[in-house]
Every structure is written in C-alpha cells, then in structure tokens.
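For reference, the chains in residue letters:
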Amino acid sequence: MTRDGGHRMPDEILSGVSGARMYDAAQGGKLNFSADRAALEQAERLSADTANALVAHHQHVHRVVRYLAARGMEQFVLFGTGLPSTGPAHETIHAVYPQARVVYAERDPYVLAHARAVTGKSGDRVRIVGCDFARPAELLADPVVRTFVNWDEPVAVGVLSVHEIPVEDTSWVAALRRELAAGSLLWLTVLSMDAFEEDVRRAVTDVNRRMGLTAYFRGRDEVLALFGGLELLEPGLVWVPQWRPDGTEVDIAPERTAWLTGVGRVG
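Fair warning: this is a prediction, and the values are worked out from it, not measured in the lab.

Colleague: Would you take a moment to explain the packing of aromatic side chains for this structure?
Modeller: Two aromatic rings, taken as a pair, are described by how far apart their centres are and by the angle between their planes. Considering all chains together, one arrives at 1 aromatic pair under this definition. Plain terms: the ring middles of Y67 and W243 are 5.5 Å apart, the flat faces sit at 85° to each other, and that makes the pair edge-to-face. Here W243 lies in the loop between β7 (238–239) and β8 (259–265) and Y67 lies in helix α4 (residues 50–70), a separation of 176 residues in the sequence. The lysine or arginine in question, R101, covers the ring of F148, its NZ or CZ lying 5.9 Å from the ring centre.

Structure, rendered in structure tokens:
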C-alpha cells in the first residue's frame, strides 16, 4: 500500500524511503534498503544527532512497555513502533508479562510482512494489522482489533506516529479517548523541533517533503493539549531519554532527539 492506503508495486517499495526502515538503519540493522540509508545520511547532514535520536526513541519504547507490563497492563495497541527493528516491543512485554496481548498497527507492506514473520512464534498473543497512520482512530473498526482487544478493560494505546497527523486535526485523539475504559493509558511520542533553529526546521521540512515522508512538528503546548484532562504518569511530558531512564541511554542531549513523550491515564 502507499501512504494513502492504496497499492503499489514492489519496485516502488524497494526504491522509496520508509521511516521504519530508516529507524532500523540507525540501529545498524539489516532490514533496510539503500534508499533508507541514503535518507538517513541526508538527515544527518542537517543534524548529526539524527541516528542517535532514532536509537533514543527505540530505547524509550522498550522502557515504556517494560514499565507498563510490570504494572499489570495486559493489552497493548501500538501504532508505528519502528518495525522492523532490533528487539520488537512485544518481546520486552512478554518477558515481563507473558499473557499480554499486543496489536501492532503498521503501514508499509515490507514492514507488515516482516512483522508477521517475526511475530509468528508469539502464537495467540500478537496481531498485526494495516493502518493509515494519518487516521489512527480508523483502526477501532478493524475486525481483528475489535475481537482481539477487550475495550471494556484497560488498554495501553501507543501512538508513536503522531507526526503523520496534521497539527490542526485532533479528531483522532478524541475518538481514541472515547473508546478507552477507565484505567487505560494513552501514550504519545511527538516530533518537536523546539530545540532547533528556524533554518534547521525549514530544511528538515523540505527534506522530508522531497523524500516523500510526512512530518508535522508540534510545540510543547500543542502536545500537552492532546492529553487534555488526562493524568500524566511521572515524569510527565519529557524528551524521550528523560522518561524513566535506566542508565543505558544513548549519548545525546535529550532535546536534540526532537521527540516528546508522555503517558496519560484515563480516569
């Protein structure tokens, strides 16, 4: 499928740039193509922190799911976790809570195929579904999600692809929140260029556009607004290396990751 949900030929997949495969390239993985590595190199010319920022995001994903699983969260619905990547999130979850159920929502056909392959050994505990990241609430109607997830019980919903959604569009978060039972958690990671100079922000936007990638940046107040009315778990809204660090974080100034994150509890 293309980014708008249509189908595309395999050669277009191989020659195009995928954010998920750039994520893998930054970690030294082998599940990426030359176009992805070239895009990562181009991004690093704008900011030398780019690869470390992607690694920091990956590390934070595992800290969050480990923390939530250790506290008894039994259901996870995760949009845009960076698959393929070294050490998928469900492995970390199941190491702590083997009975937990995990849904991955992904978009790129290559990513979907790989995800299904690597999660096949997880038996009944993992599902993979296709999703348009720009419209995450549409996943609520997916028959797999409707039958696999018990929405009457707490669910941890992680939307790690908020940068795909226009800043002015908040309908998706309202729709997700209406579905979430008391005790559920809404976890967001959001691209914010607040720590970068205006010329760098313009250059990043231009490069993303030329690579066919979507990236909308939000300021801190715009991110906080997405959590309106929810209780943020400690440490609140922070840069990804600052969310419950464990001493293994990659060497990068937190604000230079350009990722803000928070986990809000539904009352």
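Back to the text.
Colleague: Please clarify how unusual backbone geometry should be interpreted in this entry.
Modeller: In most cases, non-glycine residues show a negative phi, while peptide bonds are predominantly trans. The omega torsion across E234 and P235 is 15°, close enough to zero to call that bond cis. Positionally, P235 belongs in the loop between β6 (231–232) and β7. Its identity as a non-glycine residue notwithstanding, R244 has a phi of 45°, on the positive side. Within the secondary structure, R244 is located in the loop between β7 and β8. Even without being a glycine, A258 presents a positive backbone phi close to 65°. Among the structural elements, A258 can be located in the loop between β7 and β8.

Colleague: Is there a simple way to explain the pairing of strand β2 (residues 101–106) in this structure?
Modeller: Where a strand is regular, its side chains alternate between the two sheet faces. Of all 6 residues in β2, 5 are buried, a share of seventy percent or more. Where strand β1 (residues 75–79) meets β2, 5 bridges bridge the pair, whose relative direction is parallel. The residue bridging F76 from the neighbouring strand is V102, located in β2.

Colleague: Help me understand the nonpolar core, please; the structure alone is not making it clear to me.
Modeller: Soluble, globular proteins show a tendency: their nonpolar side chains are buried together. Core analysis: the largest hydrophobic core is formed by 34 residues, its most contacted members being V77, W151, V157, W172 and L188. Looking at this core, the elements that each hand over two or more residues are β1, β2, α7 (143–148), β4 (156–159), α8 (171–179), β5 (185–191) and α10 (220–226). In this view, V77 contacts V103, L139, V149, W151, V155, A156, V157 and G158; residues no more than four positions away in its chain are not counted. Judged by nonpolar contacts, the second largest core, of 27 residues, contains V65, F76, L78 and W187.

Conventions we followed
- Residues numbered from 1 in each chain as written.
- Predicted model: local features only at pLDDT ≥ 70, side-chain atom pairs only at ≥ 80, totals over all residues.
- Heavy atoms only, no water.
- Phe/Tyr/Trp six-rings, centres within 6.5 Å; stacked < 30°, edge-to-face > 60°.
- Helix = DSSP H or I, 4+ residues; strand = E, 2+ residues; numbered from the N terminus.
- Lys NZ or Arg CZ within 6 Å of the ring centre and 35° of its normal.
- Buried < 20%, exposed > 50% of the residue type's maximum accessible area, 1.4 Å probe, protein only.
- Pairing = 2+ DSSP bridges.
- Core = buried A, V, L, I, M, F, W, Y, C linked by side-chain atoms within 4.5 Å.
- Contact = heavy atoms within 4.5 Å.

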